[in-house]
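# A look at the structure
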Amino acid sequence: MKIASALVWAGLGLGLGLGLAPLTPAMAGTYPDHPVRMIVPFPAGGATDLMARALAQGLGEKLGQAVVVENRGGAGGSIGAEAVASAAPDGYTLLYSTMGVLTINPSLYAKLRYDPQKSFAPISLTNLTSNLLVVNPELKVNSVAELAALAKQRPGELTFSSSGNGTTSHLAGEMFKSTAGVDIRHIPYKGTSGAINDFLAGRISMMIDTSSNFIEQVEQGKVHALGVTSRKRLPALPDVPSISESPGFESYEVSLWSGVLAPAGTPRAVIDKLNQDIKAVMTSPQMVDRMAAYGIQTTHSTPEAFAAQIQTDTAKWAQVIKQSGARAD
């Protein structure tokens, strides 16, 4: 992924409708005066929840008020996002969102009750990570090229699981199939845990999912990692190549990000305060080291750069979804 701060975003703020309002005198210097709610649009226990709770702890210390994480899963994150989009724009309800909620869902769901580029005021990117291509050791393949060759020899026999239709784990698999020119059956699950459990039990041939879900299993030899979906290798798994290093896969890339947003219309002074406090949390050595252990990179951005990232990736994933024919559950 190109880190958002590297994007050319000058002049995009107005065009993307950042939804920022000036701070009223009554609010100046008083925010926050009670706990802040951070909605995570996925069930507890996954990588997104891990990142959000780590941030909430540190951000609460900076704000001097508790930041309470509330999990609202369902519809690929749309339910939680809708709750934030309709909340009061006062800085007391925040969304901790993954890339998929903001850039993939618009092409999957015909009747979303939020517009990623109009319903929210982006605050900051917080984390960058990658998916990891892992295979059942029984396949006896040691590289992306060997996996592609095996899939060509056994069309329709190999399987890959995902956390649901239209998720990044599904679309990453579809991109792999398209790039390799192979037929691998997609087995969608309603959530990450079911998909991973059946894969670890040997009932699924391969997965392409968040790297943090598999680092421990890879180190223990329970699964075989063939490649990361980002352009760069992961510091946590330096010997695992990028998929793009494999001949024929030079264009393959799936890089993931997460970030914090508020409802459109949230005062700019509140956004700026949150942005600076999030920066302090995400750049602290403790947070950097904690996330690195899970193969996750901490980051920070301006609200405008975050908005530009949303716009860029929405266009990218719209094309992938159209080519794959993916549909929402």
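Heads up: the structure comes first, above all this text.
Notes on the structure in this doc start here. Because the structure is predicted, anything quoted here is derived from the model rather than measured.

Counting secondary structure elements, the protein contains 11 helices and 12 strands. The C-alpha radius of gyration computed for the protein amounts to 20 Å, which stays within 12% of the reference 20 Å derived for 329 residues, consistent with globular compactness. Across the 329 residues of the protein, 54% fall into the buried class. For the protein, restricting intrachain contacts to residue pairs at least 6 apart in sequence, the fraction spanning at least 24 positions comes to 80%. Carbon and sulfur atoms make up 52% of the accessible area of the protein, which totals about 13,800 Å². Between the mean site of the 26 positive side-chain charges and the mean site of the 26 negative ones, the protein shows a separation of 4 Å.

This next bit is on the environment of Tyr96. Looking at the secondary structure, you find Tyr96 in strand 4 (residues 93–98). Tyr96 gets classed as buried once you look at its relative accessible area, which sits at 0%. Taking the C-alpha atoms as reference points, Tyr96 and Val228, separated by 132 residues in sequence, lie 24 Å from one another. Separated by 3.2 Å, the side chains of Tyr96 and Thr126 make a polar contact.

For the rest of this paragraph, the subject is the side chain of Ser163. When you line up the elements, Ser163 lands in the loop between strand 6 (159–162) and helix 6 (168–180). A polar side-chain atom of Ser163 sits 3.4 Å from a polar atom in the side chain of Thr167. Setting aside residues no more than four positions away along its own chain, Ser163 makes contact with Ser169, Tyr189, Lys190, Gly191, Thr192 and Ala195.

Conventions we followed
- Residues numbered from 1 in each chain as written.
- Predicted model: local features only at pLDDT ≥ 70, side-chain atom pairs only at ≥ 80, totals over all residues.
- Heavy atoms only, no water.
- Helix = DSSP H or I, 4+ residues; strand = E, 2+ residues; numbered from the N terminus.
- Rg over C-alpha atoms; globule rule 2.2 N^0.38 Å.
- Buried < 20%, exposed > 50% of the residue type's maximum accessible area, 1.4 Å probe, protein only.
- Contact = heavy atoms within 4.5 Å.
- Areas by Shrake-Rupley, 256 points an atom, 1.4 Å probe, with all protein chains shown as cover.
- Lys, Arg positive; Asp, Glu negative; His and termini not counted.
- Charge placed at Lys NZ, Arg CZ, Asp CG, Glu CD.
- Polar contact = N/O pair within 3.5 Å; in protein donor to acceptor, adjacent residues only side chain to side chain.

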